[in-house]
Amino acid sequence: MINPDIKLKNLFHAGDGRIPPYLAGREQAKKNFQDCVDLLMQNSPADQNMIIYGPRGNGKTALLRYLQEATLKAAGDKLEILWVTPSEFKDLAQLVGLIVANNQSLFKKALNLFEHMIDDITASANIGVASVQTGLNRSKEMLALKDLLWEKCRKKPFILIVDEAHTLHPEIGQVLLNASQSVRAEKCPFFLVLAGTPDLQTVLHQSSATFWDKSSVFPISRLSVNDAQKALAIPLESCQVECAEEVSMEVTGHAHCYPYFIQIWGSCIASHLVKTGSREATMETLSKVEGEAIAKCSTIYIHRYDELNRMGLVPLANDIGGTFLENDNLPIPIHELEDTVRLSLQKLGEPATHETIQENMQKLMHIGYIWKISVPNETTKGVPLLCYEPGIPSLMKFVRGQRRSKAEMNVFLERFQNRTGN
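Residues numbered from 1 in each chain as written. Predicted model: local features only at pLDDT ≥ 70, side-chain atom pairs only at ≥ 80, totals over all residues. Heavy atoms only, no water.

A. Up close: the pattern of salt bridges. Counted by the stated rule, this structure contains 10 salt bridges. One salt bridge in this structure joins Asp339 and Arg342, with 2.7 Å as the shortest N-O distance. Of this pair, Asp339 and Arg342 both sit in helix 14 (residues 334–347), three residues apart, roughly one helical turn. What makes Asp339 partly exposed here is its relative accessible area of 36%. (Salt bridge = Lys/Arg side-chain N within 4 Å of Asp/Glu carboxyl O. Helix = DSSP H or I, 4+ residues; strand = E, 2+ residues; numbered from the N terminus. Buried < 20%, exposed > 50% of the residue type's maximum accessible area, 1.4 Å probe, protein only.)

B. Quick look at the nonpolar core. Tyr369 and Ile370 are the most contacted members of the largest nonpolar core, which totals 102 residues. Not counting residues up to four positions away in its chain, the partners in contact with Ile370 are Ile320, Phe324, Leu337, Met361, Leu364, Met365, Tyr388, Glu389, Gly391 and Met396. Counting residues in each nonpolar core, the second largest holds 23 residues, with Phe33, Ile159, Phe191 and Ile220 among its members. (Core = buried A, V, L, I, M, F, W, Y, C linked by side-chain atoms within 4.5 Å. Contact = heavy atoms within 4.5 Å.)

C. Structural view of the packing of aromatic side chains. Enumeration according to the criterion identifies nine aromatic pairs in this entry. Ring plane angle 80 degrees and centroid distance 6.2 Å describe the contact between Tyr305 and Phe398, whose orientation is recorded as edge-to-face. Residue Tyr305 is found in helix 12 (residues 283–310), and its partner Phe398 is found in helix 16 (residues 393–401); the two are separated by 93 residues along the sequence. Over the face of the ring belonging to Tyr66 we find Lys30, whose NZ or CZ atom lies 5.1 Å from the ring centre. Above the plane of the ring of Trp83 lies Arg65, whose end atom (NZ or CZ) is 4.5 Å from the centre. (Phe/Tyr/Trp six-rings, centres within 6.5 Å; stacked < 30°, edge-to-face > 60°. Lys NZ or Arg CZ within 6 Å of the ring centre and 35° of its normal.)

D. Representation of the sheet that holds strand 8 (residues 332–333) in the model. A sheet is described by the order of its strands in space; here three strands give the open sequence 8-10-9, paired in antiparallel fashion. A single partner strand is all that each edge strand has here, and the edge strands are strand 8 and strand 9 (370–375). In the sheet, strand 8 pairs with strand 10 (residues 385–390) via two bridges, with the strands oriented antiparallel. Bridge pairing in strand 10 places Pro333 opposite Cys387. (Pairing = 2+ DSSP bridges.)

E. Here's a closer look at helix 8 (residues 199–206). Those residues of helix 8 lying buried are Leu200, Val203 and Leu204. Viewed along the axis of helix 8, the buried residues span an arc of 95 degrees, placing them on a single side of the element. Turning to helix 8, the residues buried within the fold contact strand 1 (50–53), helix 7 (170–185) and strand 4 (190–196). Once helix 8 finishes, Ser208 follows within two positions and takes phi at roughly 65 degrees, a positive value. (Arc of directions from axis to C-beta.)

F. Main features of the environment of Leu149. The residue Leu149 is located in helix 6 (residues 130–155) in this model. Along the sequence, Leu149 and Ile99 sit 50 residues apart, while their C-alpha atoms lie 8.4 Å from each other. Once residues within four sequence positions are removed from consideration, Leu149 is found in contact with Ile99, Phe158, Ala179, Val183, Cys188 and Phe190.

G. Region of interest: the environment of Val84. With respect to the helices, strands and loops of the structure, Val84 is situated in strand 2 (residues 80–84). Val84 gets classed as buried once you look at its relative accessible area, which sits at 1%. In this structure, the C-alpha to C-alpha distance between Val84 and Leu160, residues 76 residues apart in sequence, is 7.8 Å. Residue contacts for Val84: discarding those within four places in its chain leaves Phe89, Leu95, Leu98, Leu160, Ile161, Val162 and Asp163.

H. Molecular detail of helix 3 (residues 60–75). With 16 residues, helix 3 extends 22 Å from end C-alpha to end C-alpha; this agrees with the ideal 22 Å at 1.5 Å per step. Taken together, the buried positions of helix 3 are Lys60, Thr61, Ala62, Leu63, Leu64, Leu67, Gln68, Thr71 and Ala75. Packing partners of the buried residues in helix 3 comprise helix 2 (27–41), strand 1, strand 2, strand 3 (158–162) and strand 4. Following helix 3 by one or two positions, Gly76 adopts a phi angle in the positive range, close to 60 degrees. (Expected span 1.5 Å × (residues − 1).)

What follows is the structure in structure tokens.
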């Protein structure tokens, strides 16, 4: 039997991709995945591919691990799941090798198919028609992959999960998506899941598989207030810790419903309870761990700020943070935030074209500084209004806090020196 203190101390896992002790929210994504698994178990294809994307720290990998483990626990060896990342394969042939690795006859067939394609490319290059042959060869790759998937799925239904898919080469993405559409149209029990940062949308657009947005698409961002509270309270309660509602509310406010921060606060609270032997998480508990939790969260601010600085985005991020601050961190319509970006670029003496505005906003989405959402709009008869919201409001506050005047910094340093006695 596990020592209760050991379980409590190791209850929360911040930032390592493991499944949290309670996976809060994401109900639509969970249901969609399970619906597709149910179809596979009837030897039918998934209705659609599944696309999951969102800023780092919002639990995409943890969600995938949860779905994988829950499926394998329920289905046993009646289906197969393969989890890969693009770092494991440099080309389609290597991806195919991973897919068929546990089937010797399929592996030999794959070697033969892709060896012939490599020979075709070499021959066409020697006679100066490589550019014409490339498109034809990609079609051959799709047909070869389709053939191999069909044979693999005859044995048992197959789920392919590609995590970190925003690093997938667009040409591989094109072949993979086309093959998936083709075999599912022919009733092959196959299910493709792609997950990554918001850059995944760009990769899928570049893949020229224009139907990708007809997949089941799930943007993953911060939790709702209710789900964020559950993510803290339910795990603690599973260890016989009474968590006051005001504590979960306060932590949710500090963490801004950001899953990674919820795990940090939970870990600090749990460690303190183990140390004191208490089984009550109170506001006094919170006051004891507040400094440690904020310091750990601040490492993320520093990393993201350094990233913004390397990308030359700090002045723009500062202006956007100011716009959200004036709006009480509420969602801002897309065109209004684009105006902020335009004025900021002009102030910096940089081109403020439609392309540069979109490019900068995409970079800010990539690191989770801003996030696109749709907001119900009663004035347009239910048609949602596309808006941006802060990825992490406290990160914007941190960025703006670095832009202090010389006079402000002198006051700050004087107070710091007085406090430390230096």
